[in-house]
Amino acid sequence: MNLQPVLRFLGRLVLVLAAAQIFPLVCSILYGEGNATVAFFASAVCSAALGGVLIGLGRGDGQLYRREGILIVVLGWVLASTLGALPYLLSGALGSPVDALFESASGFTTTGSTVFLDIAGQERGILFWRSFTQWLGGMGIIVLFVALLPEIGPGANFLYKLEVPGPTAEGLSPRIHDTAAVLWRLYLGLTLVQTVVLMLLGMGLYDALTHTFSTLSSGGFSPRNESVAAFEGTPAIALVIILFMVLAGGNFSLYYGIRQGRGWNLLRDPEFRLYLTILGGASLAIAWQLLASGTYEAPGRAAVDSAFQVVSVMTTTGFATADFEGWPAFSKVLLVGLMFVGGCAGSTAGSMKVMRMVIGLKSAMREVRYTFRPNTMAAVFVGGKAVPDPIVRSVAGFFVLFITCWGLGTILLTLDGHSLLTSATAAIATLGNVGPGLEMVGPVENFAFFSDWAKLVMILLMWVGRLEVYAIAALFHLRFWKG
């Protein structure tokens, strides 16, 4: 393995992260927040210095290939989470290094779980940074870097495929850096549109920006203690956020098709149709039970709250307009099930992804057919196209590794002295990059009560989930380091 280009790439990536801290620094200056201003300045200087050192150590020739790409992606997220924790520590917002790392990792991986006890009591620059880290992590800081540096070489292809979530990483143009640039332009465009719409509905610029950052990244951090419920006086705000959460959970390559005049491709795509069907069906089912059980009396409020929570959970955003911990058992079980599903491939959402569910189910039915017709040769078809067997095997392996990680995470968290329901939902909330769970980690609770070692377990789960298991698992294979 050639470590020089790895160090050089990571050094440049760290410089990008240092530059990103200019935005919360300006925010802190505008609001006259001395602690946050000093913290962001010092953090940016430290990050820039580290970036310079890494670039110096990485001088020399060498191309990026598959193994180097895997190492860069994993270390890139670890470095981003670590350096992103500095402002929390230096400003005094969080006194524990583990808490600061947890909050930073939760931001960059777009998980949305928090250890802050009083969110609204923090300095605005710090809260801006929380949401901004999610926005950076949503489309992928590595994809951003690939877009900015087209001279990366053949390794850019591997970096892009590792960063784009889902069983396939569809390129939009023959050149990977052009594809990455297209994705980021779409992301920026949607960010601008949602921010403007929220401001037209009465939100200030600060609230509009922070909620937009957390919506399009499927992150869920809000500068308000009540999350989106703080704006319940303006129901249109919740409806707009629902719309953009749905868009964030869809495949961004389909939106590019609309821009190119292929709008019908959106509804013809089998994954997107199933994605909308699940969202609609689950929303109707929960709204019906909320009314039938007497939990809600107003049909309109039941419809909006059920739709909001279904979309928020399935897209792994994690915003809340209601405390669904008090909802009937069926509704809570359905929401937990949606945590495992996630959004579409090529979206900013986390968890397993709808496409993997489709491929996995059709592969299972093929195996059922083999039990009574063993000599039949059949491919797995999705949308009229045969899915290559390597992808089918990859999906099967992903399911095994994902469920294994969730099971191990649950067991480890129960050792921290918490109930099975709290531990199991905390594990899937972090592994699936969802945010809230049930019981002690419900939508109005936080993760501060966990011990430091349990928080480190959940940080690892966040990274594993964001990198979709395989990249981190590869580092534990002995042959990865040989040759």
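Just above, that's the structure.
Note that the structure is a prediction, hence the values are computed from the model and not measured.

Draft legend 1. Focus on the environment of Ser283. Structurally, Ser283 can be placed in helix α15 (residues 270–292). Ignoring sequence-local partners within four residues, the contact set of Ser283 consists of Ser306, Ala307 and Val310.

Draft legend 2. Here's a closer look at the side chain of Ser81. Tracing the backbone shows Ser81 in helix α4 (residues 66–84). Dropping the residues within four chain positions of it, Ser81 is found in contact with Leu101, Ser104, Ala105, Phe108 and Trp463.

Draft legend 3. The arrangement of the side chain of Ser28 in detail. Position of Ser28 relative to the elements: it lies in helix α2 (residues 22–30). Judged by relative accessible area, which is 0%, Ser28 ranks as buried. For Ser28, the residues in contact, after removing those within four places along its chain, are Glu33, Ala36, Thr37, Phe40 and Gly125.

Draft legend 4. Region of the structure containing a nonpolar patch on the surface. On the surface, Ile22, Phe23, Val26, Leu30 and Tyr31 cluster together to form a nonpolar patch covering roughly 530 Å² of accessible area. Summarising the element assignment, Tyr31 is placed in the loop between α2 and α3 (34–57).

Draft legend 5. Just the packing of aromatic side chains, in detail. A full pass over the atoms with the stated rule returns 25 aromatic pairs. Centroid distance Phe132 to Trp135: 5.8 Å. Interplanar angle 10°. Geometry classified as stacked. Residue Phe132 and its partner Trp135 are both found in helix α7 (residues 124–139); the two are separated by three residues, about one turn of the helix. We classify Phe132 as buried; its relative accessible area is 6%. Note on Trp135: relative accessible area 8%, which makes it buried. Where Phe272 meets Tyr275, the ring centres are 5.8 Å apart and the plane angle is 50°; that geometry is what we call tilted. Separated by three residues within a single helix, Phe272 and Tyr275 lie in helix α15, roughly one turn from each other. What makes Phe272 buried here is its relative accessible area of 5%. Lying over the aromatic face of Tyr206, Arg124 brings its terminal NZ or CZ to 4.8 Å of the ring centre.

Draft legend 6. The packing of helix α6 (residues 97–108) against helix α21 (residues 452–466), seen in detail. The geometry of α6 relative to α21 is characterised by a closest axis approach of 10 Å and an angle of 20° between their N-to-C directions. The orientation of α6 with respect to α21, classified from their angle, is roughly parallel. Considering only the axes of α6 and α21, their crossing is left-handed. Here Val98, Asp99, Leu101, Phe102, Ala105 and Ser106 of α6 lie close against α21, whose contacting residues are Asp452, Lys455, Leu456, Met458, Ile459, Met462 and Trp463. In terms of residue class, the contact of α6 with α21 is made up of nine nonpolar, one polar and three charged.

Calculation criteria
Residues numbered from 1 in each chain as written. Predicted model: local features only at pLDDT ≥ 70, side-chain atom pairs only at ≥ 80, totals over all residues. Heavy atoms only, no water. Helix = DSSP H or I, 4+ residues; strand = E, 2+ residues; numbered from the N terminus. Contact = heavy atoms within 4.5 Å. Buried < 20%, exposed > 50% of the residue type's maximum accessible area, 1.4 Å probe, protein only. Patch = residues over 30% accessible without salt bridge, like charges linked within 9 Å, V, L, I, M, F, W, Y side chains within 5 Å. Areas by Shrake-Rupley, 256 points an atom, 1.4 Å probe, with all protein chains shown as cover. Salt bridge = Lys/Arg side-chain N within 4 Å of Asp/Glu carboxyl O. Phe/Tyr/Trp six-rings, centres within 6.5 Å; stacked < 30°, edge-to-face > 60°. Lys NZ or Arg CZ within 6 Å of the ring centre and 35° of its normal. Axes fitted to C-alpha atoms, helices over the stretch in contact; angles between N-to-C directions. Parallel < 35°, antiparallel > 145°, perpendicular 65-115°, else oblique. Left-handed = near helix turned anticlockwise from the far one by under 90°. Nonpolar A, V, L, I, M, F, W, Y, C, P; charged D, E, K, R; others polar.

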